[in-house]
Amino acid sequence: MEAEQRQQRPEDEPGTGVVTAFGRQLKLLRVRAGMDRAEFGKRVGYSADTVASIEQGRRIPQARFIERADEVLGAGGLLTALKEEVGRAQYPAYFRDAACLEARAAGLNLYAVYAVPGLLQTEDYARAIFQMQRPLLPDDIIEQRLEARLARQEVFSRRPAPLMSFVIEEAVLRRPLGGRRVMRGTLEQILLTAQLRHVEVQVMPTDREDNAALGGPFTLIDTDKGQRIAYAEVQDDSRLYTEVSKVRELEARYGILRSQALTPSESTAFIEKLMGEP
C-alpha cells in the first residue's frame, strides 16, 4: 500500500459526525430513563453543564464517561459501541489513525527532534505546547487535547506491556518550553519512565558527527497483528507508511540512530547531569 496522506475530516470535529450522533443517542436514552441532566450527571460523576455540552456535541466524552453512562442508563452496549469512534475525535485529524494504532501497539520506536514526545510529556509541558500553537487554539480545545494526550500515557501501564524505545535529540532536552520549572519536571518524568523494564530512552548528543535520521522525526509502530507501520508528521500534516520498502528504510535508519546515540544508562546519567546545570 502506498503512503496515505491524512487530511482533516470535518465530519469528525466536535459538533458534527459521530460526536453529535453520540450526544443525541445519550440524550434520548437519558430522557427515556426519566432523568434530568442534574440527576444523571450526579450518577455518572459529571456536572449538568458537562452533560449538556456532550449531548449538544460541543464536548467529546472520555471513555470512562461513556462506560459509566452506558451502565447508568442500562444501554446494553449502545453507547460503548461508539467508544472507539468517539475516542478518535478527541485528537487532531492528522493524528487520529496513528493514535488508534499506538493504543493497541505491541511495540513503539520513536525518534524526537523538536519537542519531548507526547507520551513523555507532563501536564504542564503539554499545556504549554498547546498554548503556544499558532493559530491560537480555543481554551476548550486545549483542555480536550490535553486530556487526550495524558490519556495516551496509559499505554505504559497496559498489560501485556508494549516494548518502547525513544531516541531524543539533546536539543529537545535543553529547550525550556514552558519555562525552566516545567522543563525540569519533564526531565524528571522522562527519568522515571526510563526506569520501566519495557522502556528504553536514549539521547542523541548534538556533538555527534554522524546522524542517520536528518530527514526528521518518525515513529515505528508494531501492531497487535504483527505488522510494522511507520508514522511521520510535520506541520500538522502526517503520513502512515505500510509499504515494506519504506518501512524497512526507516527501520534501518532507526537501528543506526540507536547505535549512534548514548546508551540507555549513559542517557540517564546525561539527563541527571543536565538537571543539575543552572
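In the block above lies the structure referred to throughout.
Basis of the calculations
- Residues numbered from 1 in each chain as written.
- Predicted model: local features only at pLDDT ≥ 70, side-chain atom pairs only at ≥ 80, totals over all residues.
- Heavy atoms only, no water.
- Helix = DSSP H or I, 4+ residues; strand = E, 2+ residues; numbered from the N terminus.
- Buried < 20%, exposed > 50% of the residue type's maximum accessible area, 1.4 Å probe, protein only.
- Arc of directions from axis to C-beta.
- Contact = heavy atoms within 4.5 Å.
- Phe/Tyr/Trp six-rings, centres within 6.5 Å; stacked < 30°, edge-to-face > 60°.
- Polar contact = N/O pair within 3.5 Å; in protein donor to acceptor, adjacent residues only side chain to side chain.
- Salt bridge = Lys/Arg side-chain N within 4 Å of Asp/Glu carboxyl O.

With that out of the way, let us pick up unusual backbone geometry. Across the junction of R134 and P135, the peptide omega takes the value -5 degrees, indicating a cis bond. Of note, P135 is situated in the loop between α7 (123–131) and α8 (139–152). Following R159, the chain continues to P160 via a peptide bond in cis, the omega torsion being 0 degrees. Take P160: it is sitting in the loop between α8 and β3 (163–169). Positive phi outside glycine occurs at Q235, with the angle close to 50 degrees. Position of Q235 among the secondary structure elements: in the loop between β6 (228–234) and β7 (237–241). Look at Q235 and you get exposed, because its relative accessible area is 73%.

So, on to the environment of A252. Position of A252 relative to the elements: it lies in helix α11 (residues 244–260). Assessed through its relative accessible area of 41%, A252 is described here as partly exposed.

Take helix α4 (residues 63–72) next. Buried residues of α4: F65, I66, A69, D70 and V72, and no others. In an axial view of α4, the angular spread of the buried residues amounts to 165 degrees, which keeps them on one side of the axis. Projecting away from the buried face of α4 at angles above 90 degrees are the exposed residues R64 and E71. Residues of α4 that are buried make contact with α1 (17–32), α2 (37–44), α3 (48–55) and α5 (83–88). A positive phi of about 60 degrees marks G74, the residue just after α4.

Tallying each qualifying case throughout the model produces 6 aromatic pairs. With centroids separated by 5.0 Å and ring planes inclined at 85 degrees, the aromatic side chains of Y46 and F65 adopt a geometry described as edge-to-face. With Y46 in the loop between α2 and α3 and F65 in helix α4, the pair connects residues that are 19 residues apart, well separated along the chain. What makes Y46 partly exposed here is its relative accessible area of 22%. Judged by relative accessible area, which is 0%, F65 ranks as buried. Here F95 and Y231 contribute two aromatic rings whose centre-to-centre distance is 5.9 Å and whose plane-to-plane angle is 70 degrees, an arrangement assigned as edge-to-face. In this pair, F95 is assigned in the loop between α5 and α6 (96–103) and Y231 in strand β6, connecting sequence segments 136 residues apart.

Let us look at the side chain of E55. Structurally, E55 is set in helix α3. Residue class for E55 comes out buried when judged on its relative accessible area of 6%. Of the polar contacts made by the side chain of E55, one reaches the side chain of R37; its length is 2.8 Å.

This next bit is on the pattern of salt bridges. Considering all chains together, one arrives at 20 salt bridges under this definition. Between R30 and E55 there is a salt bridge, with its nearest N and O atoms 2.5 Å apart. On the criterion of sequence distance, the pair formed by R30 in helix α1 and E55 in helix α3 is long-range, its members being 25 residues apart. Residues R174 and E277 are paired through a salt bridge, measuring 3.0 Å at the closest nitrogen-oxygen approach.

Moving on to the side chain of E170. Along the chain, E170 turns up in helix α9 (residues 170–174). Here E170 falls in the buried class, since its relative accessible area comes to 10%. Filtering out sequence-adjacent residues up to four positions away, E170 remains in contact with V203, M204, P205, T206 and F270.

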